[in-house]
Amino acid sequence: MDRRNFLRLAAATPLVALPAGLATHVAWAAAPVGANYRNLVVLIELKGGNDGLNTLIPYANPTYYTLRPKLAIPRDQVVALTEYVGLHPALAPLLPFWKNKELAVLQGVGYPEPNLSHFRSIEIWDTASGSEQYLQEGWLTRAFNAAPVPRNFVADGVIIGSPDLGPLAGGGTRAIALTNTEQFLRQARLATPEGQSRNKALQHILKVEADIMQAASHLSADKTFATEFPATGFGAAMRTAAQVIANQAGVAVVRVTLSGFDTHSGQPGTQARLLGELANGVVALKGALDELGKWNDTLVLTYAEFGRRPKENLSSGTDHGTASVHFALGGRIAGGLYGEQPSLDRLSGDGNPGYAIDFRSVYATVLDNWWGVPSSGPLGGRFAPVPILRA
C-alpha cells in the first residue's frame, strides 16, 4: 500500500487518529523528580451523561421515589453499600471491589456554573477549564508538556473506542487512537517511508508517518490472557486496553469510551445494559491486570460530561443534569464514599442538585498523588486532591 492510500484509510476510519495527536515539536525534558508514569491511569468515559442517581441509589430517601415513580430502582433490588445508599443491580459485579476496599465512590462530581450541552460540557471536562473559559489543549496534554512521559514509552496515551483524543487533544503528546492493536500494527507497517521532501506540508506528513511506525515498532498485540473478556463491544475494548498495557515499553494513560448514556427515553433497559457492560468489563480488566502484576499500579477512573436530572421525564427517561457519581478503582484505592449525596429536597430552579467534588480535584489526585506531577500549572489553579489513595 502506498502512502496516499494509507493516509486515506487512516482518515476514513476511527482506528487511527494520529495526525492531530502525535506532535513532533516538543522539547522532551526529563520528568520532574518524583514523577512516576509507571503508575498507570485508565480513564473510562461514560459518553452521553450517565444517570448518577440510578447508579448510586439513595434507597433510604423517600424523595428519590417521589421524584421517580417509574424509574426508581425498587429497594429490594438495590445492591446495598450502606444503610442509606447502594448500587444499581447491574453493578453487582463491583461489590467484591467494595468489600475489598478497592472501590471509591465519588458523589456529586461536577463544577461551578455547569453547562448542559454535550459538546461544551465534555470540552470543559477534557480541558479542565472553567465554565466560561475556552482552552485548546486537553488537561493531560498540558500535564505531559509540563512533565514529559519518558521517551522510551510506547506512547503517552492510547485512546480506545473513539477517534476523539479528548484530554490528550491539542498537540504536544504522542497519542494513538485505535480500536484494535493488531489492525493498527498492520496498517502502520504498510506505511513505507520515502525520504525527505522540500514541501513543508509533506515533511509534516512524513514525520507523522515516521511517528506511526515508531509507535508500531514498540506496540505488541501478542499477549493472550487466561481472563475471559465479555462478548460485547466494551469487552473487546477492554481486551484491547489490556493488550496495550501488557507492552513492556509502557504507556501512561489509556482511555476507553462506553457510549449510549444519553437516556432521554427508555432509560431502564439501556442503563441496565450499559452499567452491566461497565461492571463486567472492569472485572475482566482487573483479571488481566492481575495476570500482568499491574493491578496495584493502576488507577481506574470513570467520568462523563454531566449527569441527569433527579426528576424523571414523561418518556421513561431523564434529561441533562449536572453533578453525578463516579468510580475510582485499583489495588491502592482507599475504598469508601467520598463527597456528598445530592440534596433532593433542595434542587436549583431548573431541577438540578449542586456539586460536592470539583472534577478538577479528581484530576489533581491523579497528578499530585498518583504521578507526582504538580497539578497547579496544568489545571490552572490549586484544587485539593480527593483522599482516595492509600498512604
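Residues numbered from 1 in each chain as written. Predicted model: local features only at pLDDT ≥ 70, side-chain atom pairs only at ≥ 80, totals over all residues. Heavy atoms only, no water.

Engineer: Help me understand unusual backbone geometry in this model?
Structural biologist: Leave glycine aside and you will find that most residues have negative phi; peptide bonds, for their part, are mostly trans. A positive phi angle is found at A128, which is not glycine, with a value near 55°. Assignment of secondary structure puts A128 in the loop between α5 (118-127) and α6 (139-146). (Helix = DSSP H or I, 4+ residues; strand = E, 2+ residues; numbered from the N terminus.)

Engineer: Please explain the packing of aromatic side chains as it appears in this structure.
Structural biologist: For any two aromatic rings, the description comes down to two numbers: the centre-to-centre distance and the angle of the planes. Going through the model one piece at a time under the given rule, you end up with 11 aromatic pairs. Arranged with centres 5.5 Å apart and planes meeting at 80°, the rings of Y37 and F144 form a pair that is edge-to-face. With a gap of 107 residues between them, Y37 in the loop between α2 (18-21) and β1 (40-47) and F144 in helix α6 connect regions that are remote in the sequence. Taken as a pair, Y37 and F144 share a single burial class, namely buried. Consider the rings of F144 and W371, whose centres lie 5.5 Å apart with planes at 50°: the pair is tilted. A residue pair is termed long-range when its members are at least 10 positions apart, and F144 in helix α6 and W371 in helix α11 (residues 359-371) qualify at 227 residues. Here F144 and W371 have matching classes, each one buried. Following the ring pairs from residue to residue traces out a cluster consisting of Y111, W125, W139, Y303, F359 and Y363. Of note, R120 hangs over the ring of Y134, and the distance from its end group to the ring centre comes to 3.9 Å. Taking the ring centre of F225 as reference, the NZ or CZ of K223 above it sits at 5.6 Å. (Phe/Tyr/Trp six-rings, centres within 6.5 Å; stacked < 30°, edge-to-face > 60°. Buried < 20%, exposed > 50% of the residue type's maximum accessible area, 1.4 Å probe, protein only. Lys NZ or Arg CZ within 6 Å of the ring centre and 35° of its normal.)

Engineer: Is there a simple way to think about the sheet that holds strand β2 (residues 56-57) in this case?
Structural biologist: Either a parallel or an antiparallel arrangement is found when strands of a sheet pair, and the pairing is made through backbone hydrogen bonds. The sheet built from three strands is open, its strands ordered β2-β4-β3 with antiparallel pairing. Each edge of the open sheet carries a strand with a single partner, namely β2 and β3 (79-80). Judged from the two bridges that link them, β3 and strand β4 (residues 86-87) form a sheet pairing that is antiparallel. When the sheet's bridge partners are listed, V79 is paired in β4 with L87. (Pairing = 2+ DSSP bridges.)

Engineer: Explanation requested: helix α9 (residues 233-245) in the structure shown.
Structural biologist: For an α-helix, the turn length of 3.6 residues means that residues three or four places apart are oriented alike. Taking 1.5 Å of rise per residue, 13 residues should cover 18 Å, and α9 covers 18 Å from first to last C-alpha, within 8% of that figure. When you tally the buried positions in α9, you get 10 out of 13 residues, the bulk of the element. For α9, the complete set of buried residues consists of F234, G235, A237, M238, T240, A241, A242, Q243, V244 and I245. (Expected span 1.5 Å × (residues − 1).)

Engineer: I keep staring at the pattern of salt bridges and nothing clicks. Help me out?
Structural biologist: Here the idea is simple: oppositely charged side chains can pair when their charged atoms come close. By the definition in use, this model includes nine salt bridges. Residue D156 pairs with R174 through a salt bridge whose shortest N-O separation is 3.1 Å. Placement of the pair is D156 in strand β6 (residues 155-160) and R174 in the loop between β6 and β7 (175-178), with a sequence separation of 18 residues. Grouping residues by exposure puts D156 and R174 together as buried. Here R308 makes a salt bridge to D262, at a shortest N to O gap of 3.0 Å. With R308 in the loop between β9 (298-303) and β10 (324-329) and D262 in the loop between β8 (251-259) and α10 (267-292), this pair connects stretches of sequence that are 46 residues apart. In this structure R308 comes out as buried when scored by relative accessible area, which is 4%. (Salt bridge = Lys/Arg side-chain N within 4 Å of Asp/Glu carboxyl O.)

Engineer: Sorry, what's going on with the packing of α9 against α10 here?
Structural biologist: What describes two packed helices is the angle between their axes and the distance between those same axes. The N-to-C vectors of α9 and α10 enclose an angle of 20°; their axes lie 9 Å apart at closest approach. The orientation of α9 with respect to α10, classified from their angle, is roughly parallel. The two elements α9 and α10 meet at a crossing, and its hand is right-handed. For the pair α9 and α10, contact is made by F234, M238, A242 and I245 and by E277, L278, G281, V282, L285, A288, L289 and L292, respectively. (Axes fitted to C-alpha atoms, helices over the stretch in contact; angles between N-to-C directions. Parallel < 35°, antiparallel > 145°, perpendicular 65-115°, else oblique. Left-handed = near helix turned anticlockwise from the far one by under 90°. Contact = heavy atoms within 4.5 Å.)

Engineer: Explain the packing of α6 against α11 here, please?
Structural biologist: Interaxial distance between α6 and α11 falls to 11 Å at its minimum, and their mutual angle equals 30°. In this view, α6 runs roughly parallel relative to α11, as classed from their interaxial angle. Remark: the crossing between α6 and α11 carries right-handed chirality. Only Y363, V366, L367 and W371 of α11 make contact with α6, whose side of the interface consists of W139, L140, A143 and F144.

Engineer: Is there a simple way to explain the pairing of β1 in this structure?
Structural biologist: Every other side chain in a regular strand lies on the same face of the sheet, so the side chains alternate between the two faces. Of all eight residues making up β1, seven are buried, and the element is well covered by its neighbours. Two elements, β1 and β9, share six bridges in a ladder whose sense is parallel. What sits directly across from V41, in β9, is L299. Sheet topology places β1 next to β8; seven bridges connect them, and they run parallel. The residue bridging E45 from the neighbouring strand is T257, located in β8.

Engineer: I'm lost on α10 in this one. Help?
Structural biologist: Counted at 1.5 Å a residue, the expected span for α10 with its 26 residues is 38 Å, and the 37 Å between its end C-alpha atoms agrees. Following α10 by one or two positions, G293 has its phi on the positive side, about 70°.

Function-wise, these values are silent; they only describe arrangement.
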